[in-house]
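One-letter residues, chain by chain:
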Amino acid sequence: VVGMYWRMDFALELAGCSGFAEEWKAHPEYRLKNDNGVVVGAPGHYYYDYLNPAASGFFAKVLLNATTWTMPSGKPILDYIYCDGAGSWATPRPFAPGIGLARSQKLLEAKHAMLASIQSQLDARGHGQNLILNGMDLVGTAQEFVRTGAGGAMFDHWSILQFLDRQTGQFNATEMDEGFQLVASPLLQNFTNMIQSKL
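Report follows, based on the coordinates.

Criteria and cut-off values
Residues numbered from 1 in each chain as written. Predicted model: local features only at pLDDT ≥ 70, side-chain atom pairs only at ≥ 80, totals over all residues. Heavy atoms only, no water. Helix = DSSP H or I, 4+ residues; strand = E, 2+ residues; numbered from the N terminus. Rg over C-alpha atoms; globule rule 2.2 N^0.38 Å. Buried < 20%, exposed > 50% of the residue type's maximum accessible area, 1.4 Å probe, protein only. Contact = heavy atoms within 4.5 Å. Areas by Shrake-Rupley, 256 points an atom, 1.4 Å probe, with all protein chains shown as cover. Salt bridge = Lys/Arg side-chain N within 4 Å of Asp/Glu carboxyl O.

### A look at the overall build of the chain
Secondary structure assignment for the chain yields 6 helices and 5 strands. Reading the helices (α) and strands (β) of the chain from amino to carboxyl end gives β-α-α-α-β-α-β-α-β-α-β. In terms of overall dimensions, the chain is globule-like: its C-alpha atoms have a radius of gyration of 18 Å, near the 16 Å expected for 199 residues. Looking at the chain as a whole, 40% of its 199 residues are labelled buried. Taking the contacts inside the chain whose residues are at least 6 apart along the sequence as the reference set, 61% of them involve residues at least 24 apart. Counting only carbon and sulfur atoms, one obtains 56% of the accessible surface of the chain, whose full area is about 10,400 Å².

### Some points on the side chain of threonine 141
The residue threonine 141 is located in helix 5 (residues 139-147) in this model. Among residues more than four places away in sequence, those in contact with threonine 141 are Ser88, Ala90, Gly135 and Met136.

### A look at unusual backbone geometry
At asparagine 190, a position not held by glycine, the phi torsion is positive, near 60°. Following the sequence through the fold, asparagine 190 ends up in the loop between helix 6 (173-183) and strand 5 (192-195). With relative accessibility at 83%, the residue asparagine 190 sits in the exposed group.

### So, the pattern of salt bridges
Counting across every chain of the model gives 6 salt bridges. Note that lysine 25 and glutamate 22 form a salt bridge whose closest N and O atoms lie 3.4 Å from each other. Of the two residues, lysine 25 and glutamate 22 are both situated in helix 2 (residues 21-25); the distance of 3 residues between them amounts to about one turn of the helix. Each member of the pair lysine 25 and glutamate 22 is classed as exposed.

Put into structure tokens, the structure is as follows:
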């Protein structure tokens, strides 16, 4: 099984080392602006404005392009794209610096709608390729990710990354049990669960 890491919030790799770098550079309107109209980020780290349909379409086009490469047999090289920064509204927070909560929620909803569209297009190709969304740490996040139709998600903050009490050095057994209950719940049936564990 072969996957590819994909950063979702800002155009670092895409802007610096992809075949779409010039197209990205030619469309500054794809860059996210804060609530005062100032572009968020810096060169090489500009954020995507998912509320701009053209920007969302561009991101989807680039990601989908990566899934079209095949081996001599005709089988796609990539089985999945690992989407880091899929985001969740289970714990509301600004989408980026200088963006209020109301607009942040709309940006996140637009990002999830784009992910749903990408997965739908992958499904239509019939090669079993999936999006794996990063950051499924809460029930609310899992619900949001399942609704996109994505093939699965990464429980990123497992083990010492989330369940360790940094003051005592002891595991929080209650939170860890909640994590086990989540990944084994009916909500995540027919949904790939990846778990990152660091000891």
